[in-house]
Structures are given as C-alpha cells and as structure tokens.
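Results of the structural survey
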Amino acid sequence: MRVYILYGFGTLLCVAGVGFLAAEYIKYLSEFGKLACLALTTAMFAFLGKYFDERGW
Amino acid sequence: MVVYTISLTEVNTDQPSSCLVCVIMTYIAMKNRNLYLYLALACFAVILAIFVVDGYMGVYDKLTLTIQEREQVIEPDHWQQRWVKESGFGTSARWGEPIGFKYQIQNRTFFTYSTAVEATIWRGGEKVAQLHREDVIIPSFDEATLNWTVTAKDFGEAGLKAGEYGELTVRVTFGDVERKIILSYYPETPGYPEKVPIPPIPVPAPTR
C-alpha cells in the first residue's frame, strides 16, 4: 500500500513539474507550435489510455 | 522465437467503420503489445522538440542602455514578463546625461525579415520627439544593430527643481512589436542645500 502511495506522490510531482515547465515555456512558442503541442498532448494521453486499456487496467 | 500468425480477417472486422489505418494499427498492436506506449513516448519527444526548436526560432530583439558608465541589457525573454509588457522597463538618468541605445534584432527564421524600426519619446500620452527611424532588412539567421543617443535637447524643457524628478516614455516599435522604456530623470543640481559660510560668532572677553 505504501508503495502505491509513493507511486502516486511521484506521479503527481512529475505531472506538476511538467505542467510548470510547460506553462513557463509555452509563451515562447508560436501559435502554430502551441496548436501542434496541444494536438500531440491529446494524442499522447489517448495512446497512454489505449496502452493501459490493453493491459487490462 | 515467437512467430505471430494472424490474418486480416481476424482483425476488427466486426466494425464496419474500420479504416485501413485502424486495421494496420491493430495488426501492429497485436504483434507489439507496447506499441501504444511507444507512440505516447514519441508524442512526448516531438512535444519537447517543438519546445526547443520553436522556442529558438523567431524574431527577437535585445536592447542595451548605456547610462554613464553602466550598461543595462534587456534580453528578449525579459520582454515576455507580464509586468514588463504592461508597465515597460524602468530606469533612471540624470538630466542632461546622454543615454546610449543599442538595439539588436535577431532574425532566427529561414526568410529575410524587413521592417521599419522607430524610436520616439512620449510624455503624458503625447509625442515629444522622434529619436530614430530606420528601415532594416535582415537576412535569414542574421542580426541588425541600431544605435542612437538620447540627449537633453530631445526631452524638451526639464522644468525641475532640486529634489524633483520627471518621467517620460521611450517607445521602440518594429512590425507589430512595441517596447516601452520608462525613463525617470532628475536635475543636475544636488537635492541638498548649498553650503553657507557660518558667520563668525563673537567670543566674549574673558572676565577678570
């Protein structure tokens, strides 16, 4: 159980860190770059969802 | 060694909306169970690449102010700060002291960039003087440097007494970009009273 709590805590930190960096660097991107990043983020989460779905989660 | 034998008839044929790409993707996914994880990682890598490449590409400007012997460099990312965008970059100078401006525009694109750079002085929402105007043509991955100096005659009348200070705005524009520099200036005269010679105090004669 403690391991899962640590996993959750680590995942939360990773997401927060990536979110902070994205918020800092997004202002240097062009409008097309922002759109491409949005589309790729959506695709990335879709692929991750599909991956976990296939593993039976 | 595992040999996968699969025919296209086994792959997702119950759904009539299956396109050829979906069939191929499913086929590859059945052969490689980590395919979607790799695709997610590839998306993440491309996002990082866009952040690096797109963040570097573009047209950037750098301003260097020289007041007395000090140089203040305003880097391109400093203009992106919210408070600098809204209020401008603040600095101060003594009245009459020349202020050197060195303005660099970097063209980090694959095309030639041409624009007109204009520097003006504003006070109270009214244009006081035009400092500089120049048309520049910057080749791909090159930069242009413009220099001009602000002197007291560009400000107009100071009208300041000792201890007071005034403000004006220097606006630098090119294309649809505008940079604001708020310049506070103070008079040359010192803010403390001048020395007055102390009158001689009569020394009382010693009593006997």
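Residues numbered from 1 in each chain as written. Chains lettered and ligands numbered in written order. Predicted model: local features only at pLDDT ≥ 70, side-chain atom pairs only at ≥ 80, totals over all residues.

Residues and elements named next belong to chain B. Strands sit in the order β2-β1-β4-β7 across an open sheet of four strands; the sheet is antiparallel. Looking at the sheet topology across the chains shown, the edges are occupied by β2 (70-74) and β7 (142-150). This sheet shows a mean twist of 15° between the axes of neighbouring strands, independent of strand direction. Across ten bridges, strand β1 (residues 58-67) lies against strand β4 (residues 99-108) in antiparallel orientation. (Pairing = 2+ DSSP bridges. Helix = DSSP H or I, 4+ residues; strand = E, 2+ residues; numbered from the N terminus. Axes fitted to C-alpha atoms, helices over the stretch in contact; angles between N-to-C directions.)

Here we take up the sheet that holds strand β6 (residues 126-138) of chain B. Residues and elements named next belong to chain B. Taken together, five strands build an open sheet; the order of strands is β3-β9-β8-β5-β6 and the sheet is mixed. The sheet terminates laterally at β3 (89-94) and β6, the two strands that pair on one side only. Strand-to-strand, the axes of this sheet are offset by a mean angle of 20°, without reference to chain direction. Two strands pair when backbone bridges link them, and strand β5 (residues 113-123) and strand β8 (residues 166-174) are joined in this way by six bridges, in the antiparallel orientation. Counterpart to Thr120 in the pairing with β8 is Arg171.

A word on the interface of chain B and chain A. If you look at the interface, chain B gives 15 residues, while chain A gives 17 residues. The greatest single-element share of the side of chain B that touches chain A, amounting to twelve residues, is contributed by helix α2 (residues 35-56) of chain B. Residue composition of the side of chain B that touches chain A, by class: ten nonpolar, three polar and two charged. (Contact = placed C-beta atoms within 7 Å. Nonpolar A, V, L, I, M, F, W, Y, C, P; charged D, E, K, R; others polar.)

Moving on, we come to unusual backbone geometry. Comment: phi is negative for the bulk of residues other than glycine, and the bulk of peptide bonds are trans. Residue and element names in this part refer to chain B. A positive phi angle, close to 55°, is found at Gln68, a residue other than glycine. Relative to the helices and strands, Gln68 is located in the loop between β1 and β2. The backbone of Phe141 shows a phi angle near 50°, a positive value even though the residue is not glycine. Within the fold, Phe141 resides in the loop between β6 and β7.

Purely geometric stuff here, so don't read any function into it on its own.
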